[in-house]
Every structure is written in structure tokens, then in C-alpha cells.
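The lines below spell out each chain.
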Amino acid sequence: MSFTPEHTLFRDNVRAFVEREIAPHVNAWDEAQTFPRELYARAAQLGLLGLGYAEAYGGTPCDGWFKLIATEEIARAGSGGLMASLFSHNIGLPPIVAHGSDELKQRVVPDVLAGRKIAALAITEPGGGSDVARLTCKARRETGPDGDHWVIDGEKTFITSGMRADWFTLAVRTGSGGAAGISLIAVPGDTPGLQRAPLAKMGWWCSDTAHLRFEGCRVPAANLIGAENAGFRAIMENFNGERLLMSAGACCFAQVCYDEALAWARERKTFGAALVEHQVMRHKLMDMRMRIASTRAWLHALVERQERGDTGPEWVAELCLLKNHATQTMQWCADAAVQTLGGMGFMRGLKSERIYREVKVMMIGGGAEEIMKELAARQLGV
Ligand SMILES: Cc1cc2nc3c(=O)[nH]c(=O)nc-3n(C[C@H](O)[C@H](O)[C@H](O)COP(=O)(O)OP(=O)(O)OC[C@H]3O[C@@H](n4cnc5c(N)ncnc54)[C@H](O)[C@@H]3O)c2cc1C
């Protein structure tokens, strides 16, 4: 892909933003297990939150390359937790944008794209995340003197931005068992009966991940996203966008590990020579580079196909496999970088150390490895 001058200018702007407003603070934010809420508004001012959304809701329509560039540049700060929370709207909003009523879109989307409100997606339950069709969190329709409502009871877990989200795109059971009985509902974060508890994690420390409990939560019937019992398909469509951006993020985190390892290998001397002068070290670096190059080429090929509208079952299968390949590349490079950094690689504050801890969630969230293979095989009729 040869990027246009507009792409390059955008990249420069995002890079400057990341160097100024994010990179110097990510270590402190990770240790504090949070980051300032004002960052959403700052990212919105630069147009980062609205990328790809319609102007009518405060967004900036753009091609897929702009989103890729934004992901690449934010990833340079080396914090997956920051990316996950700052952009949780990119998994929370798309079902509303694609299937919600105009009134619901106006109520939810502009505030989120302006960084005034935070959106999250709540699918996973304590009983399981991979088998979405069996989810049990329930919503029943109730008509009373105060109008039509959904009354929600159940639990969700591992929800990104779960502690401070103002809107949850919530998957609920509204019908019979299986995929055909699932709906999506937009639930305001201040709904009475919603309780949240933070979860302590291996990585993504600055991201607020929460367990949610819904007890008799009443939301207006108009908050239904799309048709009743048609939520499963919307959830599956939404996964494609998430998996593409996760693959882009994983590829960039691998690159960050390579850059850090190379800089260290040039600097660090052992046995009278810089590490990079030892052949085995050069080979390790080239193995990293080889994996990153192949991942990036595949990623770009899939973005190119998406831009052409070529997103049939074969594309979906490739995307599932790319997510596995990209996260394996990230894992391999994080391991190689920490090894190259020696004891220093085990110290908090290095990007490679953080990425090493963060890779596991990339291999589980948004569809775990095993599920990606199953889905790919099914799409290909294998
Ligand atoms: C930090 C973090 C943030 C997250 N953010 C969100 C969020 O914002 N919203 C949200 O809804 N969810 C979120 N998740 C949840 C995530 O999507 C799930 O963890 C994931 O889908 C896997 O579900 P599970 O943890 O219930 O594992 P399970 O479904 O119990 O699976 C456990 C293991 O078994 C494997 N497995 C399952 N079934 C099969 C099978 N048939 N064959 C072979 N292997 C199988 C899985 O691949 C996995 O390795 C987040 C998770 C984490 C850790």
C-alpha cells in the first residue's frame, strides 16, 4: 500500500499527539490502574474517536487505512490497556450505528465521539464467552404506567471500560435458547440496579475491566438495538471490526518490541562487543522482523480487500487466521525482546515487559485462538 499525503499528514499528527500526551505517562497510568478521563476529549479533538463514523453523529468518514494508521501510532506508546479502554467505543458503538434507530443513535453516538461519554460492549458472562449463543443474561418486556421497558437480570464479566462506561451495548436473552433468542440493548451506565466491580489483571492495568450485575434494571423499550432476537448476527458482524484492529495492534506491538530490542542490542556490550555484533542476536532480530513483515503484509492485504468490499466468508476466515498469526507474532517478538534485554527486560517500565504481559489477552479476547480456527474452518467449509 502506498499511503497518500493525507494519510501521512494524519500519521504525523497522531504521532505527535502520542509522543506529547500518551507516551510519557503510560507507565504511571499503568501503575495507577487508570488514565485521565480527559484523554477521551483530547483524542476526540484530534478526530481519533470519530474515525469512520458518519458526520451526522460527529464522526469523520474515512477509509480503513486511517483507522490502521491511528492504531499503529497509538500502539507505539506500548500500552494495550490504554488502547482497549480509549477505543472501547469501537466495539460498543458499531451495533448501535448499524442497527439502532435514528433517535437512539442521536442519543448515544455524538457524546461518545466527542469524548464526553464512554461506550462499552458487554457480551461475555461468568458462564462463558466463546459460546455466545448460550448467554443467559435476561431481558423481559414490561408495559406499565411509565411506558414500555426492558427489565434486565443477569451478569457480565471481563468488560472493558466496565467501571466508567456511560453506555453498555448489552447482549441479552429475549427469546428461546440459542442464537435466535438474543437481542442487543443500549443500557445507560447510571441505570438503577446495575452494580460494577473492578477486576485485577495480568496486564492491561490502566484499562478498567469490570464485572457487572444487573438486578431488575429497567431501560426504555426504545433502547433495543435493531430487531428483537436479531442480536446474534449483529454481534458476529461486530467481531470482524474488532479482530482487524486487534490484529493491527498486535502487529504494531511486535514492532515496538523489535525497536526496543534493536536499540538495546546496539547499546549493550557483552564480552567486549555490542550485543548486535553477536550473530545469534542478529538472527533473533531478523526472525522478529520476518514475522512482523509477513503479518503486516497479510494485514494490508485484508484491509485492501475490505476497501474493495470483498468481505465474504473467505475474507472472514482469513481475518480469524490473521488474528491468530498477529497475536502469535506479538507473543514471539515480546519473548525475544525480553530475552534480548536480559534482566532489564524483566523490569517494570519497559515496553517489552508490558507487552509480554499483555499478549495473552490478545490471544483470548475478541475470540480465542481455538474459536478463531473453528470459525475459519467453518467459513471455508472445511
Ligand atoms: C482483559 C479482558 C478484556 C475483555 N473485554 C471484553 C469486553 O469488553 N466485552 C466482552 O464482552 N468480553 C470481553 N472480554 C472477554 C473475552 O472476549 C472472553 O474472555 C473470550 O471470548 C473467551 O471467553 P471465556 O473467557 O469465557 O473463555 P471460555 O469460553 O470459557 O473458553 C476457555 C478456553 O477454552 C477454549 N474453548 C472454548 N470452547 C472450545 C471448543 N469448542 N473447542 C476448543 N477450545 C475451546 C477457548 O478458546 C479458551 O481458550 C475480555 C476479556 C479480558 C481478559
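These figures come from a predicted structure and were not determined experimentally. Each chain has its residues counted from 1, following the order in which its sequence is written. With the structure being a predicted model, the display of local features is reserved for residues of pLDDT at least 70 and the display and counting of side-chain atom pairs for 80 or more, all residues being used for whole-chain, interface and lining totals. Side-chain measures were taken over the full set of non-hydrogen atoms in the model, leaving aside hydrogen atoms and water.

Draft legend 1. Representation of the site of the ligand in the model. What surrounds the ligand is a group of 20 residues, the closest being Thr124, Gly129, Ser130, Phe158 and Glu370. Contacts described as polar in this section are N or O atom pairs within 3.5 Å, which, within protein, must combine one atom able to donate a hydrogen with one able to accept it, while residues neighboring in sequence count only if both atoms come from side chains. Take Leu121: an N or O atom from its main chain is 2.9 Å from a nitrogen atom of the ligand. Gly129 places a polar main-chain atom, nitrogen or oxygen, 2.7 Å from an oxygen atom of the ligand. Computed with the Shrake-Rupley method and a 1.4 Å probe, the accessible areas treat only the protein chains shown as cover for residues. Its free accessible area being 960 Å², the ligand has 64% of it covered by the protein chains. Any residue with a heavy atom lying within 4 Å of a molecule or strand is counted as near it.

Draft legend 2. Structural view of empty space enclosed by the protein. A 1.4 Å probe that fits but cannot get out identifies a cavity on a 1 Å grid over protein atoms alone, an open set with protein on both sides within 12 Å along at least five of seven lines counts as a pocket, and a residue lines either if it has an atom within 4 Å of a point. Grid points are joined across faces, edges and corners, and a volume is the space filled by probe spheres set on the points. Enumeration over the complete set of coordinates arrives at 1 cavity of 30 Å³ or more. Estimates place the volume of the largest cavity at around 30 Å³. Lining the largest cavity are Tyr40, Leu49, Ser85, Leu86, Ser88, His89, Val112, Lys117, Ile118 and Ala119. The residue classification treats Ala, Val, Leu, Ile, Met, Phe, Trp, Tyr, Cys and Pro as nonpolar and Asp, Glu, Lys and Arg as charged. All others, Gly included, are polar. Class assignment of the residues belonging to the lining of the largest cavity gives a composition of 6 nonpolar, 3 polar and 1 charged.

Draft legend 3. Quick peek at the packing of aromatic side chains. Stacked, edge-to-face and tilted are the three classes for Phe, Tyr and Trp ring pairs, Trp counted by its six-membered ring, which pair at centre distances within 6.5 Å; planes under 30 degrees apart are stacked, over 60 edge-to-face, the rest tilted. All chains considered together, the criterion is met by 4 aromatic pairs. Note on Trp29 and Phe35: the rings are 6.1 Å apart at their centroids and 45° apart in plane angle, and the pair reads as tilted. Phe35 shares its class with Trp29; the two are buried. By way of ring pairs, the aromatic residues Trp29, Phe35 and Tyr40 are connected into one cluster. By definition, being over a ring means that NZ of Lys or CZ of Arg is both within 6 Å of the ring centre and within 35 degrees of the ring normal. Lying over the aromatic face of Phe35, Arg164 brings its terminal NZ or CZ to 4.6 Å of the ring centre. The side chain of Arg291 reaches across the aromatic face of Trp332, ending 3.9 Å from its centre. Exposure categories follow from relative accessible area, calculated using a 1.4 Å probe and restricted to protein chains: below 20% of the type maximum is buried, above 50% is exposed, and the middle band is partly exposed.

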